[in-house]
Protein chains: 2
Amino acid sequence: MSLSHALLGLLAVEPASGYALTKSFELSLGRYAWHAGHTSIYPELGRLAERGLVEVTSEGARGSRTYAVTPAGREELRSWLLQPPKQSGKVRNEEVLRMFLLSALDPADAKIVLGHVAESTAAAAAGLREIRAAHEGSSFRGPEGFGQLAAEFGLRQYEAVHEWAVWAMAQLEGDQTTNSPA
Amino acid sequence: MSLSHALLGLLAVEPASGYALTKSFELSLGRYAWHAGHTSIYPELGRLAERGLVEVTSEGARGSRTYAVTPAGREELRSWLLQPPKQSGKVRNEEVLRMFLLSALDPADAKIVLGHVAESTAAAAAGLREIRAAHEGSSFRGPEGFGQLAAEFGLRQYEAVHEWAVWAMAQLEGDQTTNSPA
DNA sequence: GACCCCATGTAAGACGTTACATGATTGT
DNA sequence: ACAATCATGTAACGTCTTACATGGGGTC
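Once a new chain begins, its residue numbering starts again from 1 and follows that chain's sequence as written. For this description, chains carry letters from A and ligands carry numbers from 1, given in the order in which they are written. Totals for whole chains, interfaces and linings use every residue, but because this is a predicted model, local features are given only for residues with pLDDT of at least 70 and side-chain atom pairs only at 80 or more, for both listing and counting. For side-chain calculations, the full set of non-hydrogen atoms in the structure is used, while hydrogens and water are omitted.

Focus on helix α1 (residues 2–13) of chain B
Residue and element names in this part refer to chain B.
Reasoning step 1: Here a helix means four or more residues in a row that DSSP labels H or I, a strand means two or more in a row labelled E, and each is numbered from the N terminus. Here, expected helix span is obtained from the residue count minus one, scaled by 1.5 Å. Its 12 residues place the ends of α1 17 Å apart at the C-alpha level, agreeing with the 16 Å of an ideal helix rising 1.5 Å per residue.
Reasoning step 2: Counting buried residues along α1, 12 of its 12 residues qualify, which places the element largely inside the surrounding structure.
Reasoning step 3: When we look at burial in α1, the residues that qualify are Ser 2, Leu 3, Ser 4, His 5, Ala 6, Leu 7, Leu 8, Gly 9, Leu 10, Leu 11, Ala 12 and Val 13. Only protein chains enter the accessibility calculation, which uses a 1.4 Å probe; a residue whose area is less than 20% of its type maximum is buried, one above 50% is exposed, and one in between is partly exposed.

This is the structure:
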């Protein structure tokens, strides 16, 4: 299960509570890479603690527990990241699914959808460019840098999808006039 | 559940058996957009048939049943594709997760992983370029065209990730010499 | 006849989502 | 005081995965 590695990865950057991790999933990780809610995260933290991969380093107000990775956890994370994935994993992404099924629509409808995609990806890319500008010049390691490689990754994805959507609209335009009967 | 829409989408392009749909998932859809095995697909086809969104149009050898979308199914698919997603759905992608957690590694290890990524994305992109060349000039609708928008989508994604990986390696290089102590 | 692929199915268990629930602390 | 947010947890339900199971049809 990848949830465990997602948690190890976040905790490897800096210790956090289950609640804080839940927020991280909502704001960044969960949007692009791996979704999880607090009802999955809390029990998983417990299991990781049992396996000795994380530990509670402090307890704060309202019963909050701050977790940190142990050396064993860091090693587990490292080997998971370094091992080349044997075969492509199991992907689930509703947005991408929509894009794959576009050909099932007639061109007029497809262009409507592509227009929405072009808009939303442009907006998302603009947002990430602001984030990137805010972090300019800082190092790529540590909590600060954590988001940087990821943000650039997301930005380039959005740009690619945006350009694809624009391209696809143009193709459908041409296809409609060239290939459709009368 | 998006599996139902994935099936409607594939069947909207051309009728197929559960077995053939399973193959489609293995070869294309499942790699990028939505994973599912035959043990999910068969029961779901049954449920779609009960709801009148698909129907069995013929039965062939070895008990195979060919399904096709009904007009109601086509309408359901259309409205699902056209409705702008209210809020970003639940994404799961182990590859992307790895990329997001790279900052948890030290730069030397991160560069190894990025090297693998750069290689595999280059290979995948090359494969898709061949597919694209094979389909050049044909229409974007119908079974032939189905893969074209999708293939181009995949190609641009791979190219974007490849360029990101190359960029990230260069950044880590610079970061190591500029920002690390001593 | 042997083997491989086609084609579908069932069932146990793991996993995840949704809804419900509780209480502490902070801000106004 | 009140509301919002912090912080965690339980339980029921639904979905998915894994393993097992069966038999027809084509090919050598």
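Now, onward.
Overview of the relation of the copies chain B and chain A
Reasoning step 1: Residues below a pLDDT of 70 in either copy are left out; the C-alpha atoms of the rest, at least 70 in both, set the least-squares superposition of the copies. The two copies are related by a screw operation: chain B maps onto chain A through 180° of rotation and 0.0 Å of translation along the axis, at an RMSD of 0.1 Å. Expressed as a symmetry operation, the mapping of one chain copy onto the other fits a two-fold axis. Residues of chain B ranked by C-alpha distance from the rotation axis are headed by B:Arg92, positioned 2.6 Å from it.
Reasoning step 2: Of all interface residues in chain B, 100% are interface residues in chain A too; the two copies therefore contact each other through one and the same surface. Between two residues, a contact is recorded if the distance between any of their heavy atoms is within 4.5 Å.

Here we look at the protein's contact with DNA strand C
Reasoning step 1: Being near a molecule or strand, for a residue, comes down to having at least one heavy atom within 4 Å of it. Close to DNA strand C lie 17 residues, the nearest being B:Tyr19, B:Thr39, B:Tyr42, B:Arg65 and B:Lys90.
Reasoning step 2: In DNA strand C, atoms within 4 Å of the protein come 69% from sugar and phosphate.
Reasoning step 3: Between B:Gly18 and DNA strand C, the recorded distance is 3.3 Å, taken from a backbone N or O atom to a phosphate oxygen.
Reasoning step 4: Separating a phosphate oxygen of DNA strand C from a side-chain N or O atom of B:Lys90 is a distance of 2.9 Å.
Reasoning step 5: Sorting the residues of the surface near DNA strand C by element identifies α3 (38–50) of chain A together with α2 (18–32) and α3 (38–50) of chain B as the ones contributing at least two each.
Reasoning step 6: Under the scheme applied here, ten amino acids are nonpolar (Ala, Val, Leu, Ile, Met, Phe, Trp, Tyr, Cys and Pro), four are charged (Asp, Glu, Lys and Arg), and all others, including Gly, are polar. For the surface near DNA strand C, the per-class residue count stands at 3 nonpolar, 9 polar and 5 charged. Any N or O atom pair separated by 3.5 Å or less is treated as a polar contact, with the protein-specific requirement of one donor-capable and one acceptor-capable atom, and with residues adjacent in sequence counted only for side-chain atom pairs.

Description of the protein's contact with DNA strand D
Residues and elements named next belong to chain A.
Reasoning step 1: By nearness alone, 19 residues border DNA strand D, and Tyr 19, His 38, Thr 39, Tyr 42 and Arg 65 come closest of all.
Reasoning step 2: Taken together, the sugar and phosphate atoms account for 65% of what DNA strand D places within 4 Å of the protein.
Reasoning step 3: Within the side chain of His 38, a nitrogen or oxygen atom sits 3.0 Å from a base oxygen of DNA strand D.
Reasoning step 4: In this structure, Lys 90 approaches DNA strand D through a side-chain N or O atom, which is 3.1 Å from a phosphate oxygen.

Describing the environment of A:Ala123
All names here are of chain A.
Reasoning step 1: Structurally, Ala 123 can be placed in helix α6 (residues 107–134).
Reasoning step 2: Ala 123 sits in the exposed class, given a relative accessible area of 51%.
Reasoning step 3: For the pair formed by Ala 123 and His 162, sequence separation is 39 residues and the distance between their alpha carbons is 9.8 Å.

A few points about the UniProt feature "domain: Transcription regulator PadR N-terminal" (unreviewed entry) in chain A
Reasoning step 1: UniProt positions are given in the numbering used here, feature names are shortened, and annotations may be inferred rather than shown by experiment. UniProt records the feature "domain: Transcription regulator PadR N-terminal" (unreviewed entry) for residues 7–78 of chain A in the present numbering.
Reasoning step 2: Across residues 7–78 of chain A one finds 60% helix and 18% strand; the C-alpha atoms that close the span lie 13 Å apart.

Re the pairing of strand β2 (residues 54–59) of chain A
All names here are of chain A.
Reasoning step 1: Here a strand pair is declared whenever DSSP counts at least two bridges between the two strands. One ladder, built from 5 bridges, connects β2 with strand β3 (residues 65–69); its direction is antiparallel. Looking across to β3, one finds that Val 54 is bridged to Val 69.
Reasoning step 2: Taking the residues that link successive antiparallel strands as the turn, the β2-β3 hairpin has 5 residues, and the phi of Arg 62 there is positive, at about 55°.

Quick look at the packing of helix α1 (residues 2–13) of chain A against helix α2 (residues 18–32) of chain A
Residue and element names in this part refer to chain A.
Reasoning step 1: At their nearest, the axes of α1 and α2 sit 11 Å apart, and the two run at 100° to each other. What the angle tells us is that α1 and α2 run roughly perpendicular. From α1, Leu 3, Ala 6, Leu 7, Leu 10 and Leu 11 reach across to α2, where they touch Leu 21, Ser 24, Phe 25 and Leu 29. Whenever a helix is involved, its axis is fitted only over the stretch in contact; in every case the axis is a line through C-alpha atoms, and angles between N-to-C directions fall within 0 to 180 degrees. Oblique is the label for any angle not covered by the other classes, which are roughly parallel (under 35 degrees), roughly antiparallel (over 145) and roughly perpendicular (65 to 115).

Topic: α3(B)
Residues and elements named next belong to chain B.
Reasoning step 1: If you check α3, its first and last C-alpha atoms are 18 Å apart, about what 13 residues at 1.5 Å a residue would give, namely 18 Å.
Reasoning step 2: Residues of α3 that are buried: Ile 41, Glu 44, Leu 45 and Leu 48. For α3, the arc enclosing every buried residue in end-on projection is 110°, short of the 170-degree limit, so these residues lie on one face. Facing away from the buried surface of α3 by more than 90 degrees, the exposed residues are Thr 39 and Glu 50.
Reasoning step 3: On its buried side, α3 packs onto α1, α2, β2 (54–59) and β3 (65–69).
Reasoning step 4: In the segment just after α3, Gly 52 is the residue with positive phi, at about 80°. Here the arc refers to the set of directions running from the helix axis out to each C-beta atom.

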